[in-house]
Amino acid sequence: MTSTATTPGVATAPKQIPWQDEWTLNHSQMDETHHEFIAEINHMLAVPDDEMLAAVDQFIDHTVAHFEQERVWMENTNFPPKGCHIGEHDRVLAIVQQVRQMVAGGDYAIGRRLAEELVPWFNQHAQTMDAALAYVLIEGPDAEGAPKSHDGCAC
Ligand SMILES: [Fe+2]
Ligand SMILES: [Fe+2]
């Protein structure tokens, strides 16, 4: 009879998120930042409890810069769904800051839960809002087929 229970004292490898081809948007700087974003998530999934707060803070620093870079790109291209895209970034950062306070209070498991929950969010965000922004950055806002409305926005 087999058992799925872990053996006490035997460490299991931390869960790690592999890069998905559909996240590649063919804008080199955005893709590089998104690879780093996934690496930061994998770091949060891998660290022991006593390094979790530092990992969350590192993730926050990277994500603030990531979102600021996209905000500047949206400003420079007068990206139509700019407000919606920035609003989603702001909502994610607000949740991450709340979780950061819980981790600072000793709830390390929620740091790993945050990392896991960010993956489906990123999967959706990258293929909608970021994909539309990448298209405009590569092709120009007036290119044939450029997103004209709130592509990817739920608001
Ligand atoms: Fe992004
Ligand atoms: Fe974005």
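The rules behind these values
- Residues numbered from 1 in each chain as written.
- Chains lettered and ligands numbered in written order.
- Predicted model: local features only at pLDDT ≥ 70, side-chain atom pairs only at ≥ 80, totals over all residues.
- UniProt positions renumbered as here; feature names shortened; annotations may be inferred.
- Helix = DSSP H or I, 4+ residues; strand = E, 2+ residues; numbered from the N terminus.
- Buried ≥ 20, exposed ≤ 12 C-beta atoms within 10 Å, placed from the backbone.
- Contact = placed C-beta atoms within 7 Å.
- Axes fitted to C-alpha atoms, helices over the stretch in contact; angles between N-to-C directions.
- Parallel < 35°, antiparallel > 145°, perpendicular 65-115°, else oblique.
- Nonpolar A, V, L, I, M, F, W, Y, C, P; charged D, E, K, R; others polar.
- Expected span 1.5 Å × (residues − 1).
- Arc of directions from axis to C-beta.
- Left-handed = near helix turned anticlockwise from the far one by under 90°.
- Core = buried A, V, L, I, M, F, W, Y, C linked by C-beta atoms within 7 Å.
- pLDDT = per-residue confidence, 0-100.

Per UniProt, the protein carries the Sequence similarities (unreviewed entry) text "Belongs to the hemerythrin family."

**Q** It is not clear to me how the overall build of the protein should be interpreted in this structure. Could you clarify?
**A** Along the backbone of the protein there are 4 helices and 0 strands. Residues counted as buried form 21% of the 155 residues belonging to the protein. Excluding contacts between residues fewer than 6 apart, the proportion of contacts in the protein whose partners are at least 24 apart in sequence is 69%.

**Q** What exactly am I supposed to notice about the packing of helix 1 (residues 28-46) against helix 4 (residues 109-139) here?
**A** Between two packed helices, what matters for the description is the angle formed by their axes and the separation of those axes. Across the interface, helix 1 lies against helix 4 with an axial gap of 9 Å and an inter-helix angle of 170 degrees. Taken together, the axes of helix 1 and helix 4 lie roughly antiparallel to each other. Contact residues: Met-30, His-34, Phe-37, Ile-41, Met-44 and Leu-45 in helix 1; Gly-111, Arg-112, Ala-115, Leu-118, Val-119, Phe-122, Ala-126, Asp-130 and Ala-134 in helix 4. Residue composition of the contact of helix 1 with helix 4, by class: 11 nonpolar, 2 polar and 2 charged.

**Q** What's the story with helix 1 in this structure? I'm lost.
**A** Spacing of three or four residues puts side chains on the same side of an α-helix, whose turn is 3.6 residues. In this model, helix 1 (19 residues) spans 27 Å end to end at C-alpha, consistent with the 27 Å of a helix rising 1.5 Å per residue. Taken as a whole, helix 1 has its buried residues at Met-30, His-34, Glu-40, Ile-41, His-43 and Met-44. Buried positions in helix 1, seen along its axis, are confined to an arc of 170 degrees and lie on one side of it. Set apart from the buried face of helix 1 by more than 90 degrees, the exposed residues are Ser-28 and Glu-32. Those residues of helix 1 that are buried lie in contact with helix 2 (49-77) and helix 4.

**Q** I tried to follow the packing of helix 1 against helix 2 on my own but got confused; where do I start?
**A** Contact geometry of helix 1 with helix 2 gives a least axis separation of 9 Å together with a crossing angle of 165 degrees. The orientation of helix 1 relative to helix 2 falls into the category roughly antiparallel. Both helix 1 and helix 2 take part in a crossing whose hand is left-handed. Between helix 1 and helix 2, the residues in contact are Thr-33, Glu-36, Phe-37, Glu-40, His-43 and Met-44 and Ala-55, Val-56, Gln-58, Phe-59, His-62, Thr-63, His-66 and Gln-69, respectively.

**Q** Sorry, what's going on with the nonpolar core here?
**A** One broad rule of soluble globular proteins: the nonpolar side chains tend to lie buried together. If you look at the biggest cluster of nonpolar residues, it comprises 12 residues: Ile-41, Met-44, Val-47, Met-52, Ala-55, Val-56, Phe-59, Val-99, Val-103, Leu-114, Ala-115 and Leu-118. Of all elements in the fold, only helix 1, helix 2, helix 3 (82-104) and helix 4 reach the threshold of two or more residues within this core. Ranked by residues supplied to this core, first place goes to helix 2 with 4 residues. When near neighbours in sequence (up to four residues on either side) are disregarded, Ala-115 contacts Ile-41, Met-44 and Leu-45. Of all hydrophobic cores here, the second largest spans 9 residues; its members include Met-30, Met-74, Ala-134 and Val-136.

**Q** Is there a simple way to think about the confidence of the model for the protein in this case?
**A** Atom-level detail of predicted coordinates should not be read off regions where pLDDT is low. In the predicted model, the protein carries a mean pLDDT of 89, and 85% of its residues have values of at least 70. Under a pLDDT of 50 for its full length, residues 1-5 has, in the predicted model, 0 contacts with residues more than four places off or in other chains.

**Q** Help me understand unusual backbone geometry in this model?
**A** In terms of backbone geometry, most residues other than glycine have negative phi values and most peptide bonds are trans. Located in the positive-phi region is Asn-26, a residue other than glycine, with phi close to 65 degrees. With respect to the element layout, Asn-26 can be found in the segment before helix 1. Looking at Asn-26, the number of C-beta atoms within 10 Å reads 11, which means it is exposed. For Asn-78, which is not a glycine, the phi torsion comes out positive at approximately 50 degrees. The residue Asn-78 is located in the loop between helix 2 and helix 3 in this model. The class for Asn-78 is exposed, based on 9 C-beta atoms found within 10 Å.

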